[in-house]
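An overview of the molecular structure
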Amino acid sequence: MSLSAAASSSTAISARTFSSDLKAPQLGSFRVPNQAVTFSQRWSSVKAVNAQPKRSDSIVPLAATIVAPEEVEKVEVEDYVKLANELGSASPLEIMDKALEKFGNDIAIAFSGAEDVALIEYAHLTGRPYRVFSLDTGRLNPETYQFFDTVEKHYGIHIEYMFPDSVEVQALVRSKGLFSFYEDGHQECCRVRKVRPLRRALKGLRAWITGQRKDQSPGTRSEVPVVQVDPVFEGLDGGAGSLVKWNPVANVEGVDVWNFLRAMNVPVNSLHSQGYISIGCEPCTRSVLPGQHEREGRWWWEDAKAKECGLHKGNLKQEDGQANGNGNGAANPNGTATPDIFTSQNLVTLSRPGIENLARLENRQEPWIVVLYAPWCQFCQAMEASYDELANKLAGSGVKVGKFRADGEQKEYAQKELQLGSFPTILFFPKHSSRPIKYPSEKRDVDSLMAFINALR
């Protein structure tokens, strides 16, 4: 979500500003924070040395006639990995205060209209000036727009809104319709309505503050640090390392965020009382049932790996369990042998012919639950204990528990015939159905898996 800063940036947001008590300095001249920063700064480091002044006829030593160069001012580079470790156990309020202290008017809070209103409350509590911006995609719920207005009045601030390019939206809608994302994935629509406006906004900043939490999506956000050099977007100075990303509530669980909001009597989006937790655009957001993970209300028609819009792409683990995305899914990314997983004696290992036969049967003797896995995948490894326990629990119950290794040569087949989207994928084969039913949740504990099986057998 990119904002404003230098007058030279034609896309910068107009400097509006914000705390109920203090007014942030106007953009136009850059005030260097007292602390060291990560991005480079352009200094005129050495005064011109114009050789020697005019000489008189007297003999003067040469060294006395030359203007000594001024010492180059060194800008210390902040180690944000070290800082993230130092702040790992700090409170969100302390992290917020550090962020605002370091960057002043060159940092802003990205506000979506959901429970990340906690970020605004933390900023308000620091007593420092702060800025807030939001992406208006044109597809938000009416309740979200009403909430924006409530927040502005409650805190006495002006939210800086960023909008998508009208020409790009027009081209998308005219060529593919208003709801193309239901058919070919939401990434294209999010890129036009969210990612590009965010990129423009961030080009006017040197840092931004987000409401990312590790528990929002354990499969993709579990390694979010409290502060980092943004790995995807660029800031005011441009280039790699020109933008710093702060995530003050990264280590906070959702229930604790809500306890804080209630304790501080913070206004919240009325959609929350209707079962909405994670709130985005109206067509792509729905309420969740008790026990469902909050991200299951977003893009519910897609695989769990796709439940991101691209705003935090640099923090996401890739679908094959690799943070750097440099593997092809054919082998252990490290090139070393990986021990097999899911080793319960009550669990059946299926070969390619075995699962093909199972998939073809229309009248099975017993229902099956099968995990499609790769032994090197950390998400598969994480569910090994619960899946082995499930196999032991279902022994003799009439439900067979199996596994099929679906990486390497089997991956293309699994993607085409077995609905493999990411590892692990869990399928239930009913007794009287030729088509397996895919487990839709990211919750892979024994109780959740048992509830899925009991609902279908």
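Since the model is a prediction, treat every value here as computed from it, not as a measurement.

**Topic: the overall build of the protein**
Scanning the protein from N- to C-terminus turns up 13 helices and 11 strands. Out of the 457 residues in the protein, the part that is buried amounts to 49%. Residue pairs at least 24 apart in sequence account for 73% of intrachain contacts in the protein once pairs closer than 6 positions are excluded. Carbon and sulfur atoms provide 49% of the accessible area of the protein, an area that totals close to 22300 Å².

**Considering the packing of helix H5 (residues 166-176) against helix H7 (residues 187-202)**
The geometry of H5 relative to H7 is characterised by a closest axis approach of 10 Å and an angle of 165° between their N-to-C directions. One finds that H5 runs roughly antiparallel with respect to H7. Considering only the axes of H5 and H7, their crossing is left-handed. Contacts between H5 and H7 involve Glu 168, Val 169, Leu 172, Val 173 and Lys 176 from the former and Glu 188, Cys 189, Val 192, Arg 193 and Arg 196 from the latter. When grouped by side-chain class, the residues that make up the contact of H5 with H7 number five nonpolar, no polar and five charged.

**Brief notes about the packing of aromatic side chains**
Taken as a whole and assessed by the stated rule, the structure comprises 12 aromatic pairs. With a centroid separation of 4.2 Å and 5° between ring planes, the pair formed by Tyr 122 and Phe 260 is classed as stacked. In this pair, Tyr 122 sits in helix H3 (residues 117-126) while Phe 260 sits in helix H8 (residues 254-263), placing the two residues 138 residues apart along the sequence. Accessibility expressed as a relative area gives 15% for Phe 260, which makes it buried. Connected via pairs of aromatic rings, a cluster forms that spans Phe 111, Tyr 145, Phe 147, Phe 148 and Tyr 161. Here the guanidinium or amino end of Arg 352 rests over the ring plane of Tyr 413, the centre of that ring lying 4.0 Å away.

**A closer look at the pairing of strand S8 (residues 368-373)**
The side chains of a regular strand alternate, first on one face of the sheet and then on the other. The element S8 is extensively covered by neighbouring structure, given that six of its six residues are classed as buried. Across the two faces of S8 the burial is the same, with Trp 368, Val 370 and Leu 372 and Ile 369, Val 371 and Tyr 373 all buried. Across six bridges, the pairing between S8 and strand S9 (residues 400-405) is parallel. Within S9, the position partnered with Tyr 373 by the bridge is Arg 405. When S8 meets strand S10 (residues 425-429), the two strands line up antiparallel, connected through five bridges. Paired with Val 370 across the two strands is Leu 427, which belongs to S10.

**Focus on the confidence of the model for the protein**
Within the protein, residue pLDDT values average 78, and 71% of them lie at 70 or more. Contacts of residues 306-310 to residues separated by more than four positions or lying in other chains number 26 contacts, the stretch itself having pLDDT below 50. Throughout residues 318-336 the model reports pLDDT below 50, and contacts reaching past four residues in sequence, or to other chains, amount to 31 contacts.

**Concerning the sheet that holds strand S3 (residues 160-162)**
Pairing is mixed in the open sheet, where six strands are placed in the order S3-S2-S1-S4-S6-S5. Since the sheet does not close on itself, it has two edges, and those belong to S3 and strand S5 (227-229), each with one partner. Across the sheet, the mean angle from the axis of one strand to that of its neighbour is 25°, orientation sign disregarded. Strand direction decides the pairing type here: S5 and strand S6 (residues 244-246), joined by three bridges, are antiparallel. Counted as the bridge partner of Gln 228 is Lys 245 from S6.

**With respect to a nonpolar patch on the surface**
On the surface, a cluster of nonpolar side chains totalling about 220 Å² of accessible area is made up of Leu 93, Leu 125 and Met 264. Note on placement: Leu 93 falls in helix H2 (residues 92-103). Judged by its relative accessible area of 34%, Leu 93 falls in the partly exposed class.

**A short note on the packing of helix H11 (residues 384-394) against helix H13 (residues 446-456)**
Here H11 crosses H13 at 50°, and the two axes come no closer than 9 Å. Relative to H13, the element H11 is oriented oblique. With respect to the hand of their crossing, H11 and H13 are arranged in right-handed fashion. The residues of H13 that touch H11, namely those facing Ser 386, Tyr 387, Glu 389, Leu 390, Lys 393 and Leu 394, are Val 446, Asp 447, Leu 449, Met 450 and Ile 453. When the residues that make up the contact of H11 with H13 are grouped by side-chain class, the tally is seven nonpolar, one polar and three charged.

**Focus: the sheet that holds strand S11 (residues 437-438)**
Paired through backbone hydrogen bonds, the strands of a sheet run either parallel or antiparallel to each other. On the basis of which strands lie adjacent, the open sheet formed by five strands has the order S7-S9-S8-S10-S11 and mixed pairing. Looking along the sheet, the strands with just one partner apiece sit at the ends: strand S7 (348-349) and S11.

**Some thoughts on H8**
Turning to H8, its buried residues are Gly 254, Val 257, Trp 258, Phe 260 and Leu 261. Seen from one end, H8 has its buried residues packed into an arc of 155°, which puts them on one side. Residues Arg 262 and Ala 263 are exposed on H8 and point more than 90 degrees away from its buried face. Looking at the buried positions of H8, the neighbouring elements they touch are H3. Asn 265 sits one or two positions beyond H8 and adopts a positive phi of about 55°.

Thresholds, definitions, all that
- Residues numbered from 1 in each chain as written.
- Predicted model: local features only at pLDDT ≥ 70, side-chain atom pairs only at ≥ 80, totals over all residues.
- Heavy atoms only, no water.
- Helix = DSSP H or I, 4+ residues; strand = E, 2+ residues; numbered from the N terminus.
- Buried < 20%, exposed > 50% of the residue type's maximum accessible area, 1.4 Å probe, protein only.
- Contact = heavy atoms within 4.5 Å.
- Areas by Shrake-Rupley, 256 points an atom, 1.4 Å probe, with all protein chains shown as cover.
- Axes fitted to C-alpha atoms, helices over the stretch in contact; angles between N-to-C directions.
- Parallel < 35°, antiparallel > 145°, perpendicular 65-115°, else oblique.
- Left-handed = near helix turned anticlockwise from the far one by under 90°.
- Nonpolar A, V, L, I, M, F, W, Y, C, P; charged D, E, K, R; others polar.
- Phe/Tyr/Trp six-rings, centres within 6.5 Å; stacked < 30°, edge-to-face > 60°.
- Lys NZ or Arg CZ within 6 Å of the ring centre and 35° of its normal.
- Pairing = 2+ DSSP bridges.
- pLDDT = per-residue confidence, 0-100.
- Patch = residues over 30% accessible without salt bridge, like charges linked within 9 Å, V, L, I, M, F, W, Y side chains within 5 Å.
- Salt bridge = Lys/Arg side-chain N within 4 Å of Asp/Glu carboxyl O.
- Arc of directions from axis to C-beta.

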